[in-house]
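Here is what each chain is made of, one letter per residue.
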Amino acid sequence: MNTSALPATLADIVDDFQALTEPERLQLLLEFSHGLPELPERLRDHPELLEQVVECQTPLFLTIETEPADGGAPERVRLYFKAPKEAPTTRGFAGVLHEGLDGLSAAEILAVPDDMPEQLGLTRAITPLRMRGMTAMLGRIKRKVAALASRPSPAQA
Amino acid sequence: MPYPVEQNDKFAAYAHPGRLVSTEWLATEIEAGALDGGKLVVVESDEDVLLYETGHIPGAVKIDWHTDLNDEVERDYIDGLAFAALAEAKGISRDSTVVIYGDKSNWWAAYALWVFTLFGHEDVRLLDGGRDKWIAEGHALSTETTVPTPGTYPVVERNDAPIRAFKEDVLAHLGKPLIDVRSAEEYTGQRTHMPAYPEEGALRGGHIPTAASIPWARAAAGDGTYRNRGELEALYLGEAGLKPGDDVVAYCRIGERSSHTWFALKYLLGFDTVRNYDGSWTEWGNAVRVPIAKGAERGTVPAGY
């Protein structure tokens, strides 16, 4: 599998999935669901700041923020997800995207191919129907990042 | 020799009390060692394919509605050979008593039970209240994947006709009672899929003319158990207008939610002829030249049908 188009961390995750058998991939997805960080307190009490990805079978909410990077590098995009414990598959994908994309620049995130979730090799094990919500999750992140990237910079405002 | 049936007042009022077991009953039976030897097999069937792995009833096996029960290529269920292989791998024999439970008020569990019934598995029951009630009551959970002793299962071909309706059957059925179990928005045609669920692609919105709208979850109480007999009668005989002995077809979007209603009509109210139209709206809403009614009214069967 050619993962050269992916940011390094995400490419490593895809390689990890690819190296496993199908049941092991599901187990790894479950581990990612456990690894999804809790929302920071300032977002926990403000559900209105999160946006629902309606294409997911179970309620998934996400938002993005930016923070300055060191030494004049482009600002970093931070990702925040909320999904119930009863939805481990959705949480697992959120966990993959969080670990693979959190802290990257807008340009790096926008360069991730839309079909990246397919590269995890889970489509057969979790069915194309369930994969659709996962692809929608990446799509929503990219749309939100694109909207941020196109906003006027503070100097122009 | 089937496993003994649970006796309690709520179940006794149903037409076929032996089709349900309570969480207390199951906990007691498991405690007494019922799962040793394969006479009683507990199956978890959920919407989320990984939920079983996060914790399940100790000794329960997992069957996924999509990856295990649906054919991978054709839009159909698995055949007798695949079902026998699945059952054996899950420790189920032809004479095993199977208790199925799952998330979301047993929505997917009822679907799995319906598929077991296509293969004529004799003793298959639902855990009233399902996974959520079991957990809410603090019963034991395990994250250990159950490795069952393989069962012995003959190759039995599916017998679809008694409980499964195809599109042609529904067209021939028009004029007789239909129950649409989808949300009000789907029934009226305002939307073609469940709120907050993926768009599964239906080109037209609305309902099959004359179908009564009784969203599936109305058959469930707050704790996910089935409503009692009187409440179910008020819903289906009163509101939907069914009469004892009616020939009924239930449908939803892909046949899952309507399995829950099918179970209530067939086993709790005792309608002999109830079929689940699993093609449901994802077929009807895409089919060429089938009648559709829009809006909250049931509509009438158009001339020529």
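Definitions and cut-offs
Residues numbered from 1 in each chain as written. Chains lettered and ligands numbered in written order. Predicted model: local features only at pLDDT ≥ 70, side-chain atom pairs only at ≥ 80, totals over all residues. Heavy atoms only, no water. Helix = DSSP H or I, 4+ residues; strand = E, 2+ residues; numbered from the N terminus. Rg over C-alpha atoms; globule rule 2.2 N^0.38 Å. Contact = heavy atoms within 4.5 Å. Areas by Shrake-Rupley, 256 points an atom, 1.4 Å probe, with all protein chains shown as cover. Lys, Arg positive; Asp, Glu negative; His and termini not counted. Charge placed at Lys NZ, Arg CZ, Asp CG, Glu CD. Pairing = 2+ DSSP bridges. Core = buried A, V, L, I, M, F, W, Y, C linked by side-chain atoms within 4.5 Å. Buried < 20%, exposed > 50% of the residue type's maximum accessible area, 1.4 Å probe, protein only. Patch = residues over 30% accessible without salt bridge, like charges linked within 9 Å, V, L, I, M, F, W, Y side chains within 5 Å. Salt bridge = Lys/Arg side-chain N within 4 Å of Asp/Glu carboxyl O. pLDDT = per-residue confidence, 0-100. Axes fitted to C-alpha atoms, helices over the stretch in contact; angles between N-to-C directions. Parallel < 35°, antiparallel > 145°, perpendicular 65-115°, else oblique. Left-handed = near helix turned anticlockwise from the far one by under 90°. Nonpolar A, V, L, I, M, F, W, Y, C, P; charged D, E, K, R; others polar. Polar contact = N/O pair within 3.5 Å; in protein donor to acceptor, adjacent residues only side chain to side chain.

**Comments concerning the overall build of chain B**
Each helix and strand in chain B was counted, giving ten helices and nine strands. Taken over the C-alpha trace, chain B has a radius of gyration of 19 Å; the compact-globule value for 305 residues is 19 Å, and the two agree within 12%. On the principal axes, the C-alpha backbone points of chain B span a range of 60 × 45 × 35 Å. Taking all contacts inside chain B whose residues are at least 6 apart in sequence as the whole, residues at least 24 apart take part in 76%. If you sum the accessible surface of chain B, you get close to 12,100 Å²; carbon and sulfur atoms cover 52% of it. Averaging the positions of the 29 positive and the 47 negative side-chain charges in chain B gives two centres separated by 7 Å.

**Points about the sheet that holds strand β6 (residues 178–180) of chain B**
Residues and elements named next belong to chain B. Strand order in this open sheet of four strands is β7-β6-β8-β9, and the pairing throughout is parallel. Of all strands in the sheet, those with a lone pairing partner are β7 (212–213) and β9 (273–277), marking the two edges. In terms of strand pairing, β6 meets β7 through two bridges, oriented parallel. For isoleucine 179, the partnering residue across the bridge sits in β7 and is alanine 212.

**Here we look at the nonpolar core**
Ranked by internal contacts, the top residues of the largest apolar core, which has 60 residues, are Ile100(B), Leu126(B), Ile179(B), Tyr226(B), Tyr236(B), Phe263(B) and Leu265(B). No other element matches the eleven residues that helix α4 (residues 107–118) of chain B contributes to this core. Look past the residues within four positions of Ile179(B) in its chain and what remains in contact with it is Ala212(B), Ile214(B), Tyr236(B), Ala240(B), Leu242(B), Val248(B), Val249(B), Ala250(B), Tyr251(B), Thr261(B) and Leu265(B). Counting 41 residues, the second-largest nonpolar core is a separate cluster that includes Leu36(A), Ile64(A), Ile109(A) and Met137(A).

**Re a negative patch on the surface**
Residue and element names in this part refer to chain A. A contiguous patch of negative charge, built from Asp12, Asp15, Asp16 and Glu99, is present on the exposed surface. Take the negative patch: its biggest share by element is three residues, from helix α1 (residues 8–18). By the element assignment, aspartate 15 lies in helix α1. Relative accessible area serves as the criterion here: at 36%, aspartate 15 is assigned to the partly exposed category.

**Considering the pattern of salt bridges**
All names here are of chain B. As enumerated under the stated definition, the model contains 29 salt bridges over all chains in all. Its salt-bridge partner being glutamate 233, residue arginine 229 comes within 3.0 Å of it at the nearest N-O pair. Of the two residues, arginine 229 and glutamate 233 both sit in helix α8 (residues 229–239), four residues apart, roughly one turn of that helix. Overall, the relative accessible area of 21% leaves arginine 229 in the partly exposed class. One network of salt bridges, in which partners are shared, links Asp76, Arg158, Asp160, Arg164 and Asp278.

**A word on the confidence of the model for chain B**
Averaged over all residues, the pLDDT of chain B is 94; the fraction at 70 or higher stands at 97%. This prediction of the complex comes with two scores: 0.90 for pTM and 0.81 for ipTM.

**Comments concerning the confidence of the model for chain A**
Of all residues in chain A, 90% attain a pLDDT of 70 or more, and the chain-wide mean is 87. For chain A, the element scoring lowest by mean pLDDT is strand β1 (residues 51–52) of chain A, at 74; α1(A) scores highest, at 96.

**Some thoughts on the packing of α1(A) against helix α4 (residues 88–101) of chain A**
Residue and element names in this part refer to chain A. At a closest axis distance of 7 Å, the pairing of α1 and α4 adopts a crossing angle of 140°. Considered as vectors, α1 and α4 are oriented oblique to each other. Crossing of α1 against α4: the hand is right-handed. Facing α1, whose interface residues are Thr9, Leu10, Ile13 and Phe17, α4 presents Val96, Glu99, Gly100 and Leu101. Its residues assigned to classes, the contact of α1 with α4 shows five nonpolar, two polar and one charged.

**Quick look at the environment of Asp48(B)**
Relative to the elements of secondary structure, Asp48(B) occurs in the loop between β2 (40–44) and β3 (61–62). If sequence neighbours within four positions are ignored, Asp48(B) has contacts with Glu86(A), Ala87(A), Pro88(A), Thr89(A), Thr90(A), Arg130(A) and Asp103(B). Only 2.4 Å separates the side chain of Asp48(B) from the side chain of Thr89(A), close enough to count as a polar contact. A polar contact is formed between the side chain of Asp48(B) and the backbone nitrogen of Leu50(B), at a distance of 2.8 Å.

**Regarding the side chain of His207(B)**
All names here are of chain B. Residue position: histidine 207 is located in the loop between α7 (184–188) and β7. At a separation of 2.8 Å, a polar atom in the side chain of histidine 207 contacts the main-chain carbonyl oxygen of tyrosine 187. Within the local environment of histidine 207, its side chain forms a polar contact with the backbone oxygen of glutamate 297, the two atoms lying 3.0 Å apart.

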